[in-house]
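The lines below spell out each chain.
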Amino acid sequence: MVPNDETLFDKVVNLSKRRGFVFQSAEIYGGFRSTYDYGPIGVLLLRAVKDQWWRSMVQLRHDVVGLDASILSPPAIWEASGHLANFTDPLVDCRDCGARHRQDRLDNPEVCPACGTKGELTEARQFNLMFKTHAGPVVESAAEVYLRPETAQGMFVNFANVVNTSRKRPPFGIAQVGKSFRNEITPGNFVFRTREFEQMEMEYFVPPDQSEEWFRYWCEARRDWYLDLGIPSDRLRLRDHGADELSHYSAATADVEFLFPWGWDELEGIANRTDFDLKQHAEASGNRLEYNDPGSGERYVPHVIEPAAGATRTAMAFLMAAYDEEEVRGETRTVLRLDHRLAPYKVAVLPLSKKDELIEPSRVVLGALQPHWMCDYDQTQAIGRRYRRQDEIGTPFCVTIDFDTLEDRAVTVRERDSMDQERVAIDDLVDHLSGRLAH
Ligand code: ATP
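The shown structure was predicted, so the numbers you read here are calculated from the model rather than taken from an experiment.

*Asks:* How do you make sense of the sheet that holds strand β9 (residues 144–147) when you look at a structure like this?
*Replies:* Sheet strands pair via backbone hydrogen bonds, and the direction of the pair is either parallel or antiparallel. Taken in spatial order, the three strands make up an open sheet running β4-β9-β8, and their pairing is antiparallel. Single-partner strands in this sheet number two, and they are β4 (72–73) and β8 (132–134). Bridge count between β8 and β9: three bridges; the pairing is antiparallel. Across the sheet, K132 pairs through a bridge with Y146, a residue of β9.

*Asks:* It is not clear to me how the pairing of strand β22 (residues 397–401) should be interpreted in this structure. Could you clarify?
*Replies:* Regular strands have side chains that alternate between both faces of the sheet. Among the five residues that make up β22, five are buried, leaving the element largely enclosed by the rest of the structure. Of the strand pairs in this sheet, strand β20 (residues 347–351) and β22 are connected by five bridges, and their pairing is parallel. Residue pairing across strands places V347 opposite F397, the latter belonging to β22. Two elements, β22 and strand β23 (residues 410–415), share four bridges in a ladder whose sense is antiparallel. Across the sheet, residue T400 finds its bridge partner in β23, namely T412.

*Asks:* Even after reading the chapter, I still don't get a nonpolar patch on the surface, so can you show me in this structure?
*Replies:* Taken together, the side chains of L352, F403 and L406 make up a nonpolar region of the molecular surface, amounting to roughly 230 Å² of accessible area. Relative to the assigned elements, L352 resides in the loop between β20 and α10 (356–369).

*Asks:* Is there a simple way to think about the packing of helix α2 (residues 42–59) against helix α7 (residues 211–228) in this case?
*Replies:* Helix-helix packing is described using two parameters, namely the angle between the two axes and the distance between the axes. Where α2 contacts α7, the two axes come as close as 12 Å, and the packing angle between them is 140°. Our classification of the angle between α2 and α7 gives oblique. In this structure, α2 crosses over α7, and the sense of that crossing is right-handed. Across from V49, Q52, W53, S56 and M57 in α2, the residues of α7 making contact are W218, R222 and W225.

*Asks:* Just to check I follow, could you spell out the site of the ligand for this structure?
*Replies:* In the vicinity of the ligand, 17 residues are found, and the nearest of them are E184, R193, T194, E266 and L267. F192 places a polar main-chain atom, nitrogen or oxygen, 3.4 Å from a nitrogen atom of the ligand. Note that an oxygen atom of the ligand is positioned 2.9 Å from one of the backbone N or O atoms of L267. The protein chains hide 86% of the 610 Å² of surface that the ligand would expose on its own. Put simply, the parts of the chain that give the shell around the ligand at least two residues each are β11 (196–206), β14 (263–274) and β17 (303–310). A per-element tally of the shell around the ligand places β14 first, with four residues. Here the shell around the ligand is built from residues that sort into five nonpolar, four polar and eight charged.

Rules and cut-offs
Residues numbered from 1 in each chain as written. Predicted model: local features only at pLDDT ≥ 70, side-chain atom pairs only at ≥ 80, totals over all residues. Heavy atoms only, no water. Pairing = 2+ DSSP bridges. Helix = DSSP H or I, 4+ residues; strand = E, 2+ residues; numbered from the N terminus. Buried < 20%, exposed > 50% of the residue type's maximum accessible area, 1.4 Å probe, protein only. Patch = residues over 30% accessible without salt bridge, like charges linked within 9 Å, V, L, I, M, F, W, Y side chains within 5 Å. Areas by Shrake-Rupley, 256 points an atom, 1.4 Å probe, with all protein chains shown as cover. Salt bridge = Lys/Arg side-chain N within 4 Å of Asp/Glu carboxyl O. Axes fitted to C-alpha atoms, helices over the stretch in contact; angles between N-to-C directions. Parallel < 35°, antiparallel > 145°, perpendicular 65-115°, else oblique. Left-handed = near helix turned anticlockwise from the far one by under 90°. Contact = heavy atoms within 4.5 Å. Near = heavy atom within 4 Å. Polar contact = N/O pair within 3.5 Å; in protein donor to acceptor, adjacent residues only side chain to side chain. Nonpolar A, V, L, I, M, F, W, Y, C, P; charged D, E, K, R; others polar.

Spelled out as structure tokens, the structure:
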């Protein structure tokens, strides 16, 4: 029984706070608007999302390498990339209530969505979304730096370094996961749109005549990644951009969209960026950014296919897709049916009672499992309540140590979705769980 759309959003936000997925940033000071901190459970979910992305984009491929570029960057990069001139959103103010809005997101361009007044919105001004700051002690224009609004440019400016050191040749990719910053006019919908967020991006460099075929390849590969990790197919779609929507660098773009409680919205954009970025940086820096094929002697500027996803936004989509409620013996059970690979904890170790004679063997079991998986350990409250707590955070298996354990050296393994229980010898536990946990 998946809650209806109106309540799902509030339920997920509430669960996130209550169980330590996501906290409002600086909450003890009243909160810092639309910034969030990932708590003990959320950090594991977010890390699992990024690990799964890295595994599929880098580890399991022969043609993609990683990078971790700096967040602080000089204006020259953003001048060349076009962000200083073009990375803007149209900003309008309401003369009546003072609220600010992104004009392209208004349902009715005449009406202020905050106060409902008609005809009081100003003309749109182009507002640049990049955060600017100063490096070093002197606040002067020569010391201006930007926080990156995307990770992509780190891959372009390191193109030659990577080619020279990795011996990769097109088609090949450079992948990066990290923070990006955008001074969004209207952040909101919880962690869907924030000013500080994490991205997972890959720039795939291809011979120019192969760009269309690789564009389609990556659209499908990226859609399949979400499906494989448990997003239901009726809540995921690929949507091609119309010509009027394309960014200044793009020859073709498709979005992977998820059906959020407020409707279809973007999780990831896959763009054919052509040779725009490498040419811009080559011209601005005076360096050759080309591929020189040692076999044919041919020189060319590769074209780039970019799958650009949001880690924080995607983690939220996985939470929403996994949230479920069901009636069990007259009570509502909340369960996160997360794919095992995304579950914050894979196993929870639960001694049936707090008595010393159970605590010691429980710690031994925990110690045997921890090298393999992230485990939770919880020894207080009735066992039924502890099972519910683990269901709420999506833990696939609970391992209970009871008084029989002292006799038979076996434990009860309870599975999250079916709630089925099975007795397993402690000596077989690692093998047993390895066989049942998705890898
Ligand atoms: P939008 O049109 O929604 O502002 P965008 O199309 O500019 O987003 P991209 O530049 O394609 O977004 O960024 C790639 C991905 O990074 C997005 O699909 C999204 O998952 C994530 N992302 C972008 N901006 C934000 C943000 N402010 N908060 C959280 N995630 C974001």
